[in-house]
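Single-letter residue listing:
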Amino acid sequence: QVQLVESGGGLVQAGGSLRLSCTASGRTFSGYAMGWFRQAPGKVREFVATITRSGGRTNYADSVKGRFTISRDNARNTMYLQMNSLKAEDAAIYYCAAAGASSTIAGGYDYWGQGTQVTVSS
């Protein structure tokens, strides 16, 4: 079992930045690939970014490429999502998730956090 807790969400103006954190407890954090997903009201949960166990490889949704950066610190059992140049369409609940292998598909993840709200004002 892995427990995941997101933090860092909030209200930001369009063009601003936020950094989300996802802290893990339970089983060895470095044994899991990690991902960020988001879900806006009335929409399906969508892939944002993923990172391999070592942090050596990352993958991003086209909609956030060049603006968001995923990273992890295995010594701190924490994953991050640096979000820059935020747009109104980035507003959503952001979820972190853990999986045996890096994936862009929500169904590929075994453990999920409760989510953190990101609101972007225009």
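See above for the structure.
The structure contained in this document is the topic of the report that follows.

### Describing the pattern of salt bridges
Here comes step 1: Per the counting criterion, the structure on display carries 5 salt bridges.
Here comes step 2: In this structure, Arg76 and Asp73 form a salt bridge, with 3.3 Å as the shortest nitrogen-oxygen distance.
Here comes step 3: Among the residues examined, Arg76 registers a relative accessible area of 59% and is labelled exposed.

### Quick word on the sheet that holds strand S8 (residues 78-83)
Here comes step 1: Spatial strand order, S1-S3-S8-S7: 4 strands in an open sheet with antiparallel pairing. The strands lining the two open edges of the sheet, one partner per strand, are strand S1 (2-7) and strand S7 (68-73). If you compare each strand with its neighbour and ignore which way they point, the axes differ by 15° on average.

### Quick notes on the side chain of Arg72
Here comes step 1: Examined against the element boundaries, Arg72 turns out to sit in strand S7.
Here comes step 2: One buried charge, Arg72, has no salt-bridge partner; the nearest side chain with opposite charge is Asp73, at 8.3 Å.
Here comes step 3: Polar side-chain contacts of Arg72 include one of 2.7 Å to the side chain of Asn74.
Here comes step 4: Setting aside residues up to four positions removed in sequence, Arg72 forms contacts with Phe29, Ser30, Tyr32, Ala33, Met34, Ile51, Thr52, Arg53, Ser54, Gly55, Thr78 and Met79.

Cut-offs applied
- Numbering of residues starts from 1 in each chain and follows the order in which that chain's sequence is written.
- Local features in this predicted model are restricted to residues whose pLDDT is 70 or higher, and side-chain atom pairs enter the listing and the counts only when it is 80 or higher, whereas totals over whole chains, interfaces and linings include all residues.
- Each side-chain value is worked out from all heavy atoms of the structure, with water and hydrogens disregarded.
- By convention in these notes, a salt bridge is any Lys or Arg side-chain nitrogen within 4 Å of a carboxyl oxygen on Asp or Glu.
- Any residue under 20% of the maximum accessible area for its type is buried, any over 50% is exposed, and the rest in between are partly exposed; the area is computed with a 1.4 Å probe on protein chains only.
- Two strands are said to pair when DSSP picks up at least two bridges between them.
- Comment: elements are numbered from the N terminus, with helices defined as DSSP H or I runs of at least four residues and strands as E runs of at least two.
- Lines fitted to C-alpha atoms define the axes here, with helix axes fitted over just the stretch in contact, and angles between the N-to-C directions of these axes take values from 0 to 180 degrees.
- When charges are counted, Lys and Arg are positive and Asp and Glu negative, with His and the chain ends excluded.
- Side-chain atoms alone can form a polar contact between residues adjacent in sequence; in general such a contact is a pair of N or O atoms within 3.5 Å, and within protein one must be able to donate a hydrogen while the other accepts it.
- Contacts were defined at the residue level, with two residues in contact if any of their heavy atoms lie within 4.5 Å.

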